[in-house]
Amino acid sequence: MTRFKTPADIAKLRKKIVSQRNSKPTWLAVCAGTGCRAYGAVILAESLEHEVDKRNVGDKIGVRRTGCHGFCQRGPVIVVEPSGACYLGTQPKNVPDIIDNVLSGKGDVEHLTYLDEQNGKRLSLLEEIPFYKYQKRIVLANNPLIDASEILDYIAVGGYAALVKALTKMTPDSVLQEIKDANLRGRGGGGFPAGRKWETTRNAHGEPKYVIVNADEGDPGAYMDRSLLEGNPHGVLEGLIIGAYAIGATEGFIYVRQEYPLARMHTVKALDQAREYGLLGKNILGSDLSFDVTIHRGAGAFVSGESSALMSAIEGHVGEPRPKYIHTSEKGIYGKPSCLNNVETWANVPHIINKGAKWFCSMGTKGSKGTKIFSLVGKVKNTGLVEVPMGISLRDIIFKIGGGVPNDKKFKAVQTGGPSGGVIPEPLLDLPVDFDELTKVGSMMGSGGMIVMDEDTCMVDAARYYTNFLAHESCGKCVPCREGTRQMLKILDNIASGWGQEGDIELLEELSEFMETASLCALGQSAPFPVRSTIKYFRDEYDQHIREKCCPAAVCSALIAYEIDQEKCVKCGACERNCPVNAINKSEDKVFTIVQEKCIKCGACFTACPKKFSAVIKVRAHSIPKQPAGAGALLKQ
Amino acid sequence: MDVTKEEADGQSKVSPINIVIIDGDESFAASCSKTLEKGGYRVTAAKDGQQGLKLLDTAGPAVVLLDPKMAGMDVPEVLRRLSETQPSIVPIVITGQGTVNSAVESMKAGAFDFLSKQVKPEKLLDTVRRAVSLSALRKEAKETGKAVSELRRQPSDKYDLLLQGLDVLGEAYSLGLEKRQLLDELAYLESEAKHHAESLGQIKKKERAILDIRNDLLAVDAMLKKYDFQKSSLIQVLLDVQEHFRWLPRHVLNWIAGRLNIPLREIYIVANFYEAFSLEPRGRHTVQVCTGTACYLRGASELLIRASALLGIQPGQTDIKQSFTLETVHCLGCCALAPVVQIDTQYYHDPSRSKLEKVVKSLEKEEALA
């Protein structure tokens, strides 16, 4: 292994690796992201390797463990190169078939390919599958092509070419100009133009300057950053090094959540390899640039994703935001100029440098350029990571790519922007995905969580869920956020328990306005968004909870009861076996009934009852317990 | 001669103790016998040495009173013979014209005491009683000595203690202490020995604990070294500590405070703030129920209630045996599997109560085997 001394060294090595890679006619790319691992992708990869060894065909077939391919719903996913065939839900028992077909050249293993439910046709090629067809994968494109723990793989697909270009053909100023021209906006939530941030840091006084990757992806239901770090850490690192060059930074940090062990492992390995090859350290590729990166593990606090809180955490303190009279770009870590960007933002940089700002601007809308990765989850057929060009409509994402809502349920709303975002109802689905458009309707782009809700989702409950999350995660530094979220939660708890009163909604609205205006950081300012937007679009649901003590989606447990429909019941006893509190009574002639006094409404019987019978049903609660004295919101006197 | 009536009442079942007087002075022997008989002893008197020596063999006395001035007998010689052949017969020398020289000589030869013939009856009785006790003890020692010598082959604290006690006893007798007191003394010594054994055990325990702590702190030092003892590495160090110990023990935090020069208060603020840290020991297995939005919408709360009811603990708690900790996490990133629970490293998609029970049981079994 040699240290790259000149940019030409990389090109030379790339040539060599590519020819090595091409010596094997077929590659099987097994997705080994966290999602597919949960389905047993590691065992699958092992049995593929074992089978190849057993048949002694290592010169014909290579097995590669790659990062997330995106189609998590149907994992483990295998992509065959170069044919482009895509196998879904593959199990170790399918391994001999796959190898057989590759060796004999028979084509694809049909029963593992995608089945189009509408016309019953099998679609074998990845690009044909609707989930992939409507996407535009740029940042995620390399994920299936490389083994994340191998720098050579990244170099083989053109990695670090952008760094070479920046260092040899561009000045720091021209790199900065390119990013500004591309109008790359922060992918972490706010959508602040990255170029402007870079420029402020570059022009700020103070040495050293820092660049930081924010991978503290705290939004529940979002995992784009993790997949990028897991699947292509060098892509992010290359962006960071280019950023350091443009800004004049000498030190970098990657702040990774503790909950992402695999992402951390791959990142640590990537840093080590980059150091070995001389892509980090002194005089990178023989240039004047000296730069190194430290990895910092987050310890589990949502607020640490906020820029000033994150910097405080890197310094070893409690991650609390500070008022930003002065931007962190001017005074960040240890009071030095610090430029913080999200993982996805950094990952976009090499592509912009390689292909130019003009190309980047050819995608997207007027204010939002390029692509955006969303994690499409919730009540949607095709759960997974999708990368789409800005400006695509929400409807296209959810129905064309996501395949719509499963089990013939009706679509109700989509929640974007994580706990700080809001819900968007059906009539607004034709809205283009764009930073400004989403903010206009009371939601936000956020980091890219997109959670689909169907008719079985209660909006009061959803608002309560987010508010509970925010109340728990509020760092407690400023009163509006700390107390505001707590009071909101109390009011929502009351409404969900059937103790809602007239005026509660107005009180929530009043609180929202106050929190938005007075909170210290963006997290507090956006904390009332879920409540605000659900009230805005689903006020009638709140009214039903308060006036009729009824939860139309049958979710709020205080307002429902479980019963057994005797006509549907086949007396299998599954409900009785699964009840944790023995609340199911079995009479002598095997008639099962639920003893309401004992029932804790855990839903175990509902889950246990086989779907084909569905004999356990949800009904309106027979009675609502009285509100204990003093349980009301403190604000009301 | 017979035992007096009053004594017979009290000691009817015990055969009286024999005492032999060898003295030519008949009047003294008679008065002496009287005094001793009153004290409950059976007294046999001999007028000369030969008769006396015979009596020692036949009567089997506990104590013999000797007058060294008596004709036909070399008293020091008799005393030596007695101590060699019949150590259980305790000799007391009693003489009309006591001199220091003769007293010393007789004591050297093994006499228990040296009395003058003008001795008061109380003093005589007292001396004889002590001599009798010693005799009994010597007999006892002879018998147990046999047993002990056998047991000695397997050395054990208890028998060592017993032998030590006997040594002490013998020593104490020559000091003129009573047997009863000695038994008390022995019991006291025994309890003392036990007490010390306990203390020793505690000291050893403490020693082990200190060793454990030392090893803990050495491990922590290794972690600190990784980060070059930088103040800013506090969170990283705590994460390593949490991973290593499954919680943040106080002595470790104290140590870190000293090493990084950060006030302990500050460390506790950080430890309380971040979710990853626990100030109580966590279980060996972790059951993490994902409460991310996608899981929540697909029924995570029901799953959480199921897990909580099965394990008998609330989220955030650890069971008494410290085998399981139930936790909620905000997102495991397996949204396609929602609702999902992660038990150690394994993911389960919406497991039923019986499925959960099976997993928990198998983990418990594994642990029992290990």
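Please read these numbers as outputs of a predicted model, since none were measured by experiment.

**Focus: the overall build of chain A**
Link 1 in the chain: Within chain A, the secondary structure is distributed over 23 helices and 19 strands.
Link 2 in the chain: Rg of the C-alpha trace for chain A: 27 Å, near the compact-globule value of 26 Å for 637 residues, within the 12% margin.
Link 3 in the chain: Projected onto its principal axes, the C-alpha positions of chain A cover 80 × 65 × 40 Å.
Link 4 in the chain: Residues classed as buried in chain A amount to 55% of the 637 residues present.
Link 5 in the chain: For chain A, the share of sequence-separated contacts (at least 6 apart) that also reach a separation of at least 24 residues comes to 72%.

**As for the overall build of chain B**
Link 1 in the chain: When helices and strands are tallied, chain B shows 14 helices and nine strands.
Link 2 in the chain: Looking at chain B as a whole, 30% of its 370 residues are labelled buried.
Link 3 in the chain: Across chain B, the fraction of contacts at a sequence separation of at least 24, relative to all contacts at a separation of at least 6, is 64%.

**Focus: the interface of chain A and chain B**
Link 1 in the chain: Tallying the contact residues gives 43 residues for chain A and 37 residues for chain B.
Link 2 in the chain: Taken together, the elements giving at least two residues each to the side of chain A that touches chain B come down to α2 (34-38), β9 (292-298), α13 (307-314), β11 (371-378), β15 (449-454), α22 (574-578) and α23 (604-608) of chain A.
Link 3 in the chain: Among the residues making up the side of chain A that touches chain B, the classes are represented as 18 nonpolar, 19 polar and six charged.

**Some words on the nonpolar core**
Link 1 in the chain: Judged by nonpolar contacts, the single largest core of 222 residues is most densely connected at Val30(A), Ile241(A), Ile242(A), Ile397(A), Val414(A) and Leu238(B).
Link 2 in the chain: Not counting the four nearest positions on each side in its chain, Ile397(A) is found in contact with Phe374(A), Leu376(A), Val386(A), Val388(A), Ile392(A), Gly402(A) and Met450(A).
Link 3 in the chain: Core analysis: the second largest hydrophobic core is formed by 33 residues, Val20(B), Cys32(B), Ala45(B) and Leu124(B) among them.

**Looking at the sheet that holds strand β7 (residues 324-329) of chain B**
Residues and elements named next belong to chain B.
Link 1 in the chain: An order of β7-β6-β8-β9 is seen for the four strands of this open sheet, with the pairing classed as mixed. Strand pairing shows two members of the sheet lacking a second neighbour, β7 and β9 (346-349), which therefore form its edges. Each adjacent strand pair in this sheet contributes to an overall mean axis angle of 20°, direction not counted.
Link 2 in the chain: Looking at chain direction, strand β6 (residues 285-290) and β7 are connected through six bridges and run parallel. Looking at the pairing, Cys290 lines up with Val329 of β7.
Link 3 in the chain: The strands that helix α13 (residues 300-311) touches are β6, β7 and β8 (340-343); relative to β6, the one it contacts most, it runs at about 155°.

**Examining helix α21 (residues 529-548) of chain A**
Link 1 in the chain: At Phe538(A), α21(A) shows its largest bend, some 95°.
Link 2 in the chain: Once α21(A) finishes, Lys549(A) follows within two positions and takes phi at roughly 55°, a positive value.

**Describing the environment of Ile313(B)**
Residues and elements named next belong to chain B.
Link 1 in the chain: For Ile313, the position within the fold is in the loop between α13 and β7.
Link 2 in the chain: For Ile313, a count of 18 C-beta atoms within 10 Å translates into the label partly exposed.
Link 3 in the chain: Counting along the chain gives twelve residues from Ile313 to Thr325, while the straight-line C-alpha distance between them is 8.2 Å.

**Things to note about the pairing of β15(A)**
All names here are of chain A.
Link 1 in the chain: Of all the six residues making up β15, six are buried; the element is thus mostly covered by neighbouring parts of the structure.
Link 2 in the chain: Side chains of β15 alternate between two faces, with Gly449, Ile451 and Met453 and Met450, Val452 and Asp454 buried alike.
Link 3 in the chain: In this structure, β11 lies alongside β15, joined through four bridges in parallel fashion. Along β15, the bridge assignment pairs Gly378 with Val452.

**Description of the packing of helix α9 (residues 194-203) of chain A against helix α11 (residues 233-247) of chain A**
All names here are of chain A.
Link 1 in the chain: One can describe the packing of α9 onto α11 by two numbers: an axis separation of 9 Å at closest approach and a directional angle of 50°. The angle between the axes of α9 and α11 places the two elements in the oblique class. Counting all contacts with α9, which are made through Trp198, Thr201 and Arg202, the residues of α11 involved are Gly243, Ala246 and Ile247.
Link 2 in the chain: Classifying every residue of the contact of α9 with α11 by side-chain character gives three nonpolar, two polar and one charged.

**Some details on the domain arrangement of chain A**
Link 1 in the chain: If you check the domain split of chain A, you get domain 1 (7-126), domain 2 (145-360), domain 3 (371-454), domain 4 (459-548) and domain 5 (557-620).
Link 2 in the chain: Between the C-alpha centres of domain 1 of chain A and domain 4 of chain A there is a distance of 47 Å.

**Things to note about the packing of helix α18 (residues 479-496) of chain A against helix α19 (residues 504-518) of chain A**
Residues and elements named next belong to chain A.
Link 1 in the chain: Contact pair α18 / α19: the axes reach a minimum separation of 10 Å and the direction vectors enclose 160°. Taken together, the axes of α18 and α19 are roughly antiparallel relative to one another. Crossing handedness for the pair α18 and α19: left-handed. For the pair formed by α18 and α19, the contact residues are Pro480, Cys481, Gly484, Gln487, Met488, Ile491 and Ile495 on the first element and Asp504, Leu507, Leu508, Leu511, Phe514, Met515 and Ala518 on the second.
Link 2 in the chain: Tallied by class, the residues present in the contact of α18 with α19 amount to eleven nonpolar, two polar and one charged.

**Description of the sheet that holds strand β1 (residues 17-22) of chain B**
Residue and element names in this part refer to chain B.
Link 1 in the chain: The sheet built from five strands is open, its strands ordered β2-β1-β3-β4-β5 with parallel pairing. Where the open sheet ends on each side, the last strands, each with one partner, are β2 (41-46) and β5 (113-116). Looking at each pair of strands side by side, their axes are set apart by 25° on average, direction ignored.
Link 2 in the chain: Bridge count for β1 against β2 is six bridges, and the pairing is parallel. Note on β2: the bridge partner recorded for Ile19 is Val43.
Link 3 in the chain: Sheet strands touched by helix α2 (residues 26-38): β1, β2 and β3 (63-66). Its angle to β2, the strand with the most contacts, is close to 165°.
Link 4 in the chain: In the packing of helix α3 (residues 49-59) onto the sheet, contacts are made with β1, β2 and β3, and the angle to β1 comes to roughly 170°.

**Things to note about the environment of Lys136(A)**
All names here are of chain A.
Link 1 in the chain: Relative to the helices and strands, Lys136 resides in the loop between α5 (130-133) and α6 (151-156).
Link 2 in the chain: Accessibility expressed as a C-beta count within 10 Å gives 17 for Lys136, which makes it partly exposed.
Link 3 in the chain: Leave out the neighbours within four places in its chain, and Lys136 touches Met363, Thr371, Glu387, Val388 and Pro389.

**Quick look at helix α4 (residues 95-104) of chain A**
Residue and element names in this part refer to chain A.
Link 1 in the chain: Within the sequence span of α4, burial applies to Val95, Ile98, Ile99 and Val102. An end-on view of α4 places all buried positions within 95° of arc, on one side of the element.
Link 2 in the chain: Where α4 is buried, its residues contact β1 (26-31), α3 (41-55), β2 (61-66), β3 (78-81) and β4 (86-87).
Link 3 in the chain: Backbone geometry just after α4 places Gly105 at a positive phi near 70°.

**Some points on unusual backbone geometry**
Residue and element names in this part refer to chain A.
Link 1 in the chain: The residue after Gly75, namely Pro76, is reached through a cis peptide bond having omega -10°.
Link 2 in the chain: Take Pro76: it is sitting in the loop between β2 and β3.
Link 3 in the chain: Between Glu81 and the following residue, Pro82, the backbone shows a cis peptide bond with an omega angle of 0°.
Link 4 in the chain: Position of Pro82 relative to the elements: it lies in the loop between β3 and β4.
Link 5 in the chain: With phi around 45°, Asn283 is a residue other than glycine that occupies positive phi space.
Link 6 in the chain: One can find Asn283 in the loop between α12 (261-276) and β9.

**Examining the confidence of the model for chain B**
Residues and elements named next belong to chain B.
Link 1 in the chain: Summing up the model confidence of chain B, the mean pLDDT is 81 and the portion of residues at 70 or higher is 83%.
Link 2 in the chain: Scored below 50 in pLDDT, residues 1-12 shows twelve contacts in the model against residues more than four places distant or in partner chains.
Link 3 in the chain: For this predicted complex, the interface confidence score (ipTM) comes to 0.85, while the overall pTM stands at 0.78.

**Here we look at the pairing of β3(B)**
Residues and elements named next belong to chain B.
Link 1 in the chain: Across the two faces of β3 the burial is the same, with Val63 and Leu65 and Val64 and Leu66 all buried.
Link 2 in the chain: As paired elements, β1 and β3 share four bridges and run parallel to each other. In the strand pairing of β3, Ile22 is matched with Leu66.
Link 3 in the chain: Here β3 pairs with strand β4 (residues 90-95) via four bridges, running parallel. Of the residues in β4, the one forming a bridge with Leu66 is Val93.

**So, the environment of Ile22(B)**
Residues and elements named next belong to chain B.
Link 1 in the chain: Residue placement: Ile22 occurs in strand β1.
Link 2 in the chain: When the 27 C-beta atoms within 10 Å are taken as the criterion, Ile22 is described as buried.
Link 3 in the chain: Separated by 45 residues in sequence, Ile22 and Asp67 place their C-alpha atoms 6.6 Å apart.

Rules behind the numbers
Residues numbered from 1 in each chain as written. Chains lettered and ligands numbered in written order. Predicted model: local features only at pLDDT ≥ 70, side-chain atom pairs only at ≥ 80, totals over all residues. Helix = DSSP H or I, 4+ residues; strand = E, 2+ residues; numbered from the N terminus. Rg over C-alpha atoms; globule rule 2.2 N^0.38 Å. Buried ≥ 20, exposed ≤ 12 C-beta atoms within 10 Å, placed from the backbone. Contact = placed C-beta atoms within 7 Å. Nonpolar A, V, L, I, M, F, W, Y, C, P; charged D, E, K, R; others polar. Core = buried A, V, L, I, M, F, W, Y, C linked by C-beta atoms within 7 Å. Pairing = 2+ DSSP bridges. Axes fitted to C-alpha atoms, helices over the stretch in contact; angles between N-to-C directions. Bend = angle between axes of the 7 residues up to and from the residue. Parallel < 35°, antiparallel > 145°, perpendicular 65-115°, else oblique. Domains from an automatic or database assignment. Left-handed = near helix turned anticlockwise from the far one by under 90°. Arc of directions from axis to C-beta. pLDDT = per-residue confidence, 0-100.

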